[in-house]
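Understanding the architecture of this molecule
So you can see what is in the structure, the chains are spelled out below.
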Amino acid sequence: MLPTSVAGYYKKRREILGKKDSSAAFFFPSNREYIRNDDVHYDFRQDSSLYYLTGFPEPESFLALLPSSEGGKSHRSILFVRQRNPEREIWDGERYGVDGALNVFGVDATYPIEELEDQLPELMKGVEKVFYRANLDETMDRRIYSVLETYRRGHGRSGRGLVPIQDPREHVGEMRLFKDSDEIELLCRASKITADSHSELMRHVKPGMNEFEIEALIDYLFRSKGCQRLGYGSIVAGGKNATCLHYRSNNETLRDGDLLLIDAGGEYGYYTSDITRTFPVGKKFSDQQAKFYDVVLKAQMECIAMVKPGVVYSTIHQHACLSLTEGLLSLGLLKGKTEELIQSNAFRRFFPHGTGHWLGMDVHDCGLYTQGGESRKLEPGMCFTIEPGLYVQPGDVEASEEFRGLGVRIEDDILVTSSGCEVLTKDVPKTRADIEALREKAFR
Ligand SMILES: [Mn+2]
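All figures in this text were calculated on a predicted structure; none of them were measured in a lab.

**Let's talk about the overall build of the protein chain**
From N to C terminus, the protein chain includes 13 helices and 21 strands. Relative to its length of 444 residues, the protein chain is compact, with a C-alpha radius of gyration of 25 Å against a globular reference of 22 Å. C-alpha extents for the protein chain along the principal axes are approximately 75 × 50 × 40 Å. Across the 444 residues of the protein chain, 50% fall into the buried class. Accessible area for the protein chain stands at about 20,700 Å²; split by element, carbon and sulfur atoms hold 48% of it.

**A closer look at unusual backbone geometry**
Backbone geometry at D38 places phi at a positive 45°, although glycine is not the residue there. Following the sequence through the fold, D38 ends up in the loop between β2 (35-37) and β3 (40-41). For D38, a relative accessible area of 69% translates into the label exposed. Of note, the phi angle at Y270 is positive, near 75°, even though the residue is not glycine.

**A word on the domain arrangement of the protein chain**
For the protein chain, the domain assignment lists domain 1 (4-174) and domain 2 (178-441). Just the C-alpha atoms count here: the centres of domain 1 and domain 2 sit 37 Å apart. For the pair domain 1 and domain 2, the summed buried surface comes to about 1,200 Å²; carbon and sulfur atoms form 50% of the total. Three residues stand out in domain 1 for area buried against domain 2, namely Y9, R45 and E174, and they jointly supply 46% of the buried area on that side.

**Focus: the sheet that holds strand β21 (residues 421-423)**
Pairing is antiparallel in the open sheet, where 3 strands are placed in the order β17-β20-β21. The sheet is open, and its two borders are formed by β17 (383-386) and β21, each paired with just one other strand. Pairwise comparison of adjacent strand axes, ignoring direction, gives a mean angle of 30° for this sheet. Taken together, the 4 bridges between β17 and strand β20 (residues 412-416) define a ladder with antiparallel strand orientation. Counterpart to T385 in the pairing with β20 is D413.

**Observations regarding the coordination of the manganese ion**
The coordination sphere of the manganese ion, as far as protein atoms go, consists of D274 (OD), H357 (NE2), E387 (OE) and E411 (OE), spread over 2.0 to 2.4 Å. All donors of the manganese ion come from a single chain, and their spacing in sequence reads D-x82-H-x29-E-x23-E. Placement of the pair is H357 in the loop between α12 (338-343) and β15 (370-371) and E387 in the loop between β17 and β18 (389-391), with a sequence separation of 30 residues. A residue is classified by how much of its surface remains accessible, and E387, at 8% relative accessible area, is buried.

**Some thoughts on the side chain of R439**
Counting through the fold element by element, R439 comes out in helix α13 (residues 432-442). It is D256 that comes nearest to the buried, bridge-free R439 among opposite-charge side chains, at 7.4 Å. Apart from the residues lying within four places of it in its own chain, the contact partners of R439 are L201, M202, V205, K206, F279, P280, V281, G282 and K283.

**Comments concerning helix α9 (residues 211-224)**
For α9, which comprises 14 residues, the first-to-last C-alpha distance of 20 Å matches the rise-based estimate of 20 Å (1.5 Å per residue) to within 8%. Those residues of α9 that are buried are in contact with α8 (181-204), β9 (229-230), β10 (235-238), β11 (259-264) and β12 (266-268). For α9, the N-terminal capping position is held by N210, with its side-chain oxygen 3.0 Å away from the main-chain nitrogen of F212. Following α9 by one or two positions, G226 has its phi on the positive side, about 115°.

**Some details on the nonpolar core**
L378 and F384 are the most contacted members of the largest nonpolar core, which has 67 residues in total. Considering each element in turn, this core owes the most residues, 9 residues, to helix α10 (residues 287-306). The residues contacting L378, other than those within four sequence positions of it, are V307, K308, P309, G310, V311, Y313, I316, W358, F384 and V416. Within the second largest apolar cluster, 32 residues are counted, among which are L17, F26, L79 and M361.

**Side note on the sheet that holds strand β8 (residues 165-166)**
Sheets are built from strands that pair by backbone hydrogen bonding, the pairs being arranged parallel or antiparallel. Spatially, 6 strands are ordered β6-β5-β4-β1-β7-β8 in an open sheet, and the strand pairing comes out mixed. Each of the sheet's edge strands pairs with one partner strand only, and the pair in question is β6 (109-112) and β8. Where strand β1 (residues 24-29) meets strand β4 (residues 62-66), 4 bridges bridge the pair, whose relative direction is antiparallel. Residue pairing across strands places F28 opposite L63, the latter belonging to β4.

**With respect to the pairing of β20**
Burial analysis of β20 places 5 of its 5 residues in the buried class, the great majority of the element. Relative to β21, β20 runs antiparallel, the two being bridged by 3 bridges. The residue bridging I414 from the neighbouring strand is V423, located in β21.

What counts, and where the lines are drawn
Residues numbered from 1 in each chain as written. Predicted model: local features only at pLDDT ≥ 70, side-chain atom pairs only at ≥ 80, totals over all residues. Heavy atoms only, no water. Helix = DSSP H or I, 4+ residues; strand = E, 2+ residues; numbered from the N terminus. Rg over C-alpha atoms; globule rule 2.2 N^0.38 Å. Buried < 20%, exposed > 50% of the residue type's maximum accessible area, 1.4 Å probe, protein only. Areas by Shrake-Rupley, 256 points an atom, 1.4 Å probe, with all protein chains shown as cover. Domains from an automatic or database assignment. Buried area = accessible area lost by both parts, 1.4 Å probe. Pairing = 2+ DSSP bridges. Axes fitted to C-alpha atoms, helices over the stretch in contact; angles between N-to-C directions. Donors = N, O, S within 2.8 Å, 3.2 Å for Na, K, Ca; no water. Lys, Arg positive; Asp, Glu negative; His and termini not counted. Salt bridge = Lys/Arg side-chain N within 4 Å of Asp/Glu carboxyl O. Contact = heavy atoms within 4.5 Å. Expected span 1.5 Å × (residues − 1). Polar contact = N/O pair within 3.5 Å; in protein donor to acceptor, adjacent residues only side chain to side chain. Core = buried A, V, L, I, M, F, W, Y, C linked by side-chain atoms within 4.5 Å.

So this is what it looks like as structure tokens:
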């Protein structure tokens, strides 16, 4: 159960959101439960924005923020929830129910979720616009249209149309982009657990293990250190599998002499970390792997060194492109003039993704990357990843053979502070010397 002070913490967020449009309603449905097979569901996780605004963890719920009928007052918060059901609770666990949700989550009223279409139009008095994210869930879209139609009819023969629907992502995204001290604490915790786990993997991986054994170890390490779940599906890619950016099969045997790329992050208190490390399956990097690895590491460390308030976000990616292009020239993988290679995006053959993304409750967190058509400037409280990588496709016959099938990505989580930045994931080694020192331990 949430203590009252915590309920107040979510209430504050709802007030801030309501102030963004005093005559609008804001609707946030819970995530759907997805069927895996027959009557078995995939693991449920609450929609991040609904959780951000309420702390309410259950499926089949719905938050409505409605303008107050008294002028100047903040929006009312109405939560629709599942009713208590002793028989279902034996199967699925306890529910808060209508009374429990009202007592615990500091909202102004609660109703059974079945009454959404009946209650909501009545409660919407004075609403001129609705913020709702359509096209995620067709069933919910139909329910919302039914609510808006009933609301429209409530005005008699007025000739009015449906109130307009606008996407709430930008308003909530802007709030979620800036992490407060409580959120930073959760991010630090997620990052610390994730970093420690990656270090532990470096001490345990051995040739002959299967990628899924490593995946199982990751699950174990994150959860045994306090994570409720993972922030996203782990990528455990040995050898050439690392050149597949979203490799998820995780079912091949690791071979001595190959590199292993692991991209995995634990979620703690609904905030996730996101770390990638690439290290030898054996004890040491080969000479070719070492040269290739150091190009990525140099780019990554230079990018991190740039981070401070006022820096334009896109300049970090621009720098990664420059640094990696110079590295590709030194490796002989590209030929020509640096400027022209950047102009023509030649590096994209080896570096086809961006240098990072916002990080928070979602691994690819919400928040605008541009404002007024320009890349935005970094400000304290923003958190994002820096993750340059280089990949030479196994079938890239134009590339020198010694580099074919190599994939290296190095990713850390960065918090912008008032004086610069903090690397939340700094505890996991990334220089070759530090990695090889840990790898040595796996073979003792
Ligand atoms: Mn990432």
